[in-house]
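Residues per chain are reported as follows:
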Amino acid sequence: MLSERVKTLKPSPTISLTAKVRELKSRGVDVIGFGAGEPDIDTPEFIKEACAKALREGKTKYPPAGGIPELREALSEKLEKFNGVRYKPSEIVVTVGAKLAIYLILSALINEGDEVLLPSPYWVTYEDQIRLCGGVPVLVPTSMGEGFSLKFEEVEKRITERTRLIIINSPTNPTGMVYRRREIERIAELCLKRGIYILSDECYESLIFEDSEFFSVASLSEEVKRITFTVNSFSKTYSMTGWRVGYVACEESLARVLVSINSHLVSNTATFAQYGALEALKNPEGERFVREAREIYRRRREIIYEALKEIPEVRVLKPDATFYIFPDFSFYTSKVGGDVKLAEYLLEEAKVAVVPGSAFGAEGFFRFSFALEEDGIREGVKRVKEALESLV
Ligand SMILES: Cc1ncc(COP(=O)(O)O)c(C=O)c1O
C-alpha cells in the first residue's frame, strides 16, 4: 500500500510528452516537438572540457555537501554582480538542479497542512512537491488580460494562519512573462508583515528580452532578503539540463539546514559537474554564450509569435522572456472536449506536440516551447493552423 502523499503524484506531463515524441521519431514519424522544457542548443565545449579535465585530475570523490568551495565563491560573486544581492559563500547551497533546491526548501519549512501560495498558471513540479512535503498548494490566479502578472490583492486575500511560503517564478514557466517590480515590492512587504517566506525561482533570468526589467526579489531590501530563498540553475542559462547543477541562496542558518537535508538525500551534486559549472561562471566565454543564446531565442520568439497570431480565434501575448509562449486555444479546445483532447488531435493529425495548459492549471491554453530551429517553428505552427481549419 502506497503512502497517501505519493498517491497524489501525477506523472510530469512534459516528460511523458517528450517520451512520446521521441518514440514517434524513432519510428521515423516526422514530428515537430514544441513540448520540450529545455534548450535545443548543446552545452558549450569549454564547459564540457572543464568537466573532462576535472575527471582526469581525479575530482571524483565526495565534495562538501553544500558544494565545492570554488563554486560557492564564484556564485557569491555572480549574485553580487548580476543580481545585486550579497550572499556569503556559506549562504549558498549547490543542489542537484533547481528542482532539488525547491524540494530542500519545502521540506525544511512545511509542516503537514501548511499552505503555500502558488501563482497560476504554474510550473507543475511546484504543486507536486508541495503535496509530497505534506503542504497544501493555494493557487493565486493571474490572467491573460493582465499579462499574467501577479496582483497584490489576489495574494493578500488568500493568506491565512497556515500560509508559510509564496513561490514567485519570474520569468514564469509557462507564460514567459516577467512580474512587475512595484507589485512584487508590495507582495514582499506583505510577506514581511505576515511572517511568510518567499521562494524566488529565477531560473530563466538570462533569457529576458527587451522591454522588461529583471530584478532579484532578494535585492529589494535587506529585510526582504532575509525571508527569501533565491533559487537558480545552470540548466537553461548554459544549456546544462542534464548536468543537474542548481543552487539556492538564503540566510546562513537556513542554508545550514538545507545542506544537512541535502547531505542525507543525495550527498552532493556530482563533483565534476560542479567544475563544469564553475567554468561557465569564470570563463568570459560564458557571458558570450548566454548573449548569443538569448539572441537566438529572441529571433524565434518573433517568428512563433507572428505565426500564432495568424491562427484565427487564438489569443496570444508576446512573452517577455524564456523559450515559452502560452496562447489561448479555448475556441478550439471547447469544440473537442478540452486541451488534452486537442493536443492528442494535433499529435495525431498534424504530427505536432504541444503541452496542454491544464498541466499548468490553465485549461484551454497550450504551452509551445520554441527551443527548436526556426524552420521547424514555421512548419509546426502551419500544421497546427491547417489541422484546426478542419475543426471549424
Ligand atoms: C521554473 C522552473 N524552475 C526550475 C526548473 C528545473 O531546473 P533544474 O534543471 O535546475 O532542476 C525548471 C525546469 O523546467 C523550471 O521551468
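Rules behind the numbers
Note that residues are indexed from 1 along each chain, following the sequence as it is written. Per-residue local features of the predicted model are confined to residues with pLDDT of at least 70, and side-chain atom pairs are confined, for both listing and counting, to 80 or more; whole-chain, interface and lining totals are unaffected and use all residues. For the purposes of this entry, the term helix denotes a DSSP run of H or I that reaches at least four residues, the term strand denotes a run of E that reaches at least two, and both are numbered from the N terminus. Note that the radius of gyration is over C-alpha atoms, with the globule rule given as 2.2 Å times the number of residues to the power 0.38. Counting other C-beta atoms within 10 Å of each residue's C-beta, where C-beta atoms are placed from the backbone, gives the exposure class: buried for 20 or more, exposed for 12 or fewer, partly exposed between. Any residue pair is listed as a contact if its two C-beta atoms, each placed from the backbone, are within 7 Å. Here, any two strands with at least 2 DSSP bridges between them count as paired. Each axis is a line fitted through C-alpha atoms, and for a helix only the stretch in contact is used; angles between axes span 0 to 180 degrees, taken between their N-to-C directions. A crossing counts as left-handed when the near helix is turned anticlockwise from the far one by less than a right angle, and as right-handed when that turn is clockwise. For this scheme, ten residues count as nonpolar: Ala, Val, Leu, Ile, Met, Phe, Trp, Tyr, Cys and Pro. Four count as charged, namely Asp, Glu, Lys and Arg, and the remainder, Gly too, count as polar. Nearness here has a simple definition: the residue's C-beta atom, placed using the backbone, must lie within 6 Å of the molecule or strand. What marks off one domain from the next here is an automatic or database domain assignment.

**Student:** Any chance you could explain the overall build of the protein chain here in plain terms?
**Tutor:** From N to C terminus, the protein chain includes 15 helices and 12 strands. Computed over its C-alpha atoms, the radius of gyration of the protein chain comes to 21 Å, within 12% of the 21 Å expected for a compact globule of 392 residues. Taken along its principal axes, the extent of the C-alpha atoms in the protein chain is 60 × 55 × 50 Å. Looking at the protein chain as a whole, 49% of its 392 residues are labelled buried. Across the protein chain, the fraction of contacts at a sequence separation of at least 24, relative to all contacts at a separation of at least 6, is 73%.

**Student:** Hey, could you run me through the sheet that holds strand β7 (residues 228–233) in this one?
**Tutor:** To summarise the sheet geometry, strands pair through backbone hydrogen bonds and adopt either a parallel or an antiparallel arrangement. Taken together, the 7 strands give an open sheet; going across it, the order is β2-β8-β7-β6-β5-β3-β4, and neighbouring strands pair in mixed fashion. In this open sheet, the two edge strands, each paired with only one partner strand, are β2 (92–95) and β4 (136–141). The sheet shows a mean angle of 20° between the axes of neighbouring strands, direction not considered. The sheet contact formed by β7 and strand β8 (residues 246–249) spans 4 bridges and is antiparallel. When the sheet's bridge partners are listed, Ser233 is paired in β8 with Gly246.

**Student:** Sorry, what's going on with the packing of helix α5 (residues 97–109) against helix α6 (residues 124–132) here?
**Tutor:** Any two packed helices are characterised by the angle at which their axes cross and by the distance between the axes. For the pair α5 and α6, the least separation of the axes is 10 Å and the interaxial angle reads 35°. Read as a crossing pair, α5 and α6 show a hand that is right-handed. Taken together, the residues of α6 that come into contact with α5 (itself represented by Lys99, Ile102, Tyr103 and Leu106) are Thr125, Tyr126, Gln129 and Ile130. Counted by class, the contact of α5 with α6 contains 5 nonpolar, 2 polar and 1 charged residues.

**Student:** I'm lost on unusual backbone geometry in this one. Help?
**Tutor:** Most peptide bonds adopt trans geometry, and most residues besides glycine take a negative phi value. That bond from Ser120 to Pro121 is cis: its omega, 5°, falls within 30 degrees of zero. With respect to the helices, strands and loops of the structure, Pro121 is situated in the loop between β3 (115–120) and α6. In this structure, the amide linkage connecting Asn173 to the following residue, Pro174, adopts the cis form with an omega of 25°. Relative to the helices and strands, Pro174 is located in the loop between β5 (163–169) and α8 (181–194). Phi is positive for Arg244, which is not a glycine, with a value near 60°. Along the chain, Arg244 turns up in the loop between β7 and β8. Look at Lys351: it is not a glycine, yet its phi comes out positive at around 55°. Structurally, the position occupied by Lys351 is in the loop between α14 (339–349) and β10 (352–353).

**Student:** Would you mind going over the site of the ligand with me for this structure?
**Tutor:** Among the 13 residues in the neighbourhood of the ligand, the closest are listed as Gly97, Ala98, Lys99, Ser233 and Ser235. By residue class, the composition of the shell around the ligand is 3 nonpolar, 8 polar and 2 charged.

**Student:** Help me understand the environment of Gly357, please; the structure alone is not making it clear to me.
**Tutor:** Relative to the helices and strands, Gly357 resides in the loop between β11 (355–356) and β12 (366–369). C-alpha of Gly357 to C-alpha of Phe34: the two residues are 323 residues apart in sequence and 13 Å apart in space. For Gly357, the residues in contact, after removing those within four places along its chain, are Pro121, Asp339, Ala362, Glu363, Gly364, Phe365, Phe366 and Arg367.

**Student:** Would you mind going over the domain arrangement of the protein chain with me for this structure?
**Tutor:** Note: interface size is frequently given as the accessible area lost on complex formation between the parts. Structurally, the protein chain comprises domain 1 (4–42 + 287–389) and domain 2 (59–283). Taken over C-alpha atoms, the centre of domain 1 sits 25 Å from the centre of domain 2. Looking at the side of domain 1 that touches domain 2, the elements with two or more residues in it are α12 (284–309) and β9 (324–325). Counting residues per element, the side of domain 1 that touches domain 2 draws most heavily on α12, which supplies 6 residues. A per-class count over the side of domain 1 that touches domain 2 returns 17 nonpolar, 5 polar and 11 charged.

**Student:** Sorry, what's going on with the sheet that holds β9 here?
**Tutor:** On the basis of which strands lie adjacent, the open sheet formed by 3 strands has the order β9-β12-β11 and antiparallel pairing. This sheet does not close on itself; its edge strands, each paired only once, are β9 and β11. The pairing of β9 with β12 spans 2 bridges and is antiparallel. Across the sheet, the residue bridging to Tyr324 is Ser369, located in β12.

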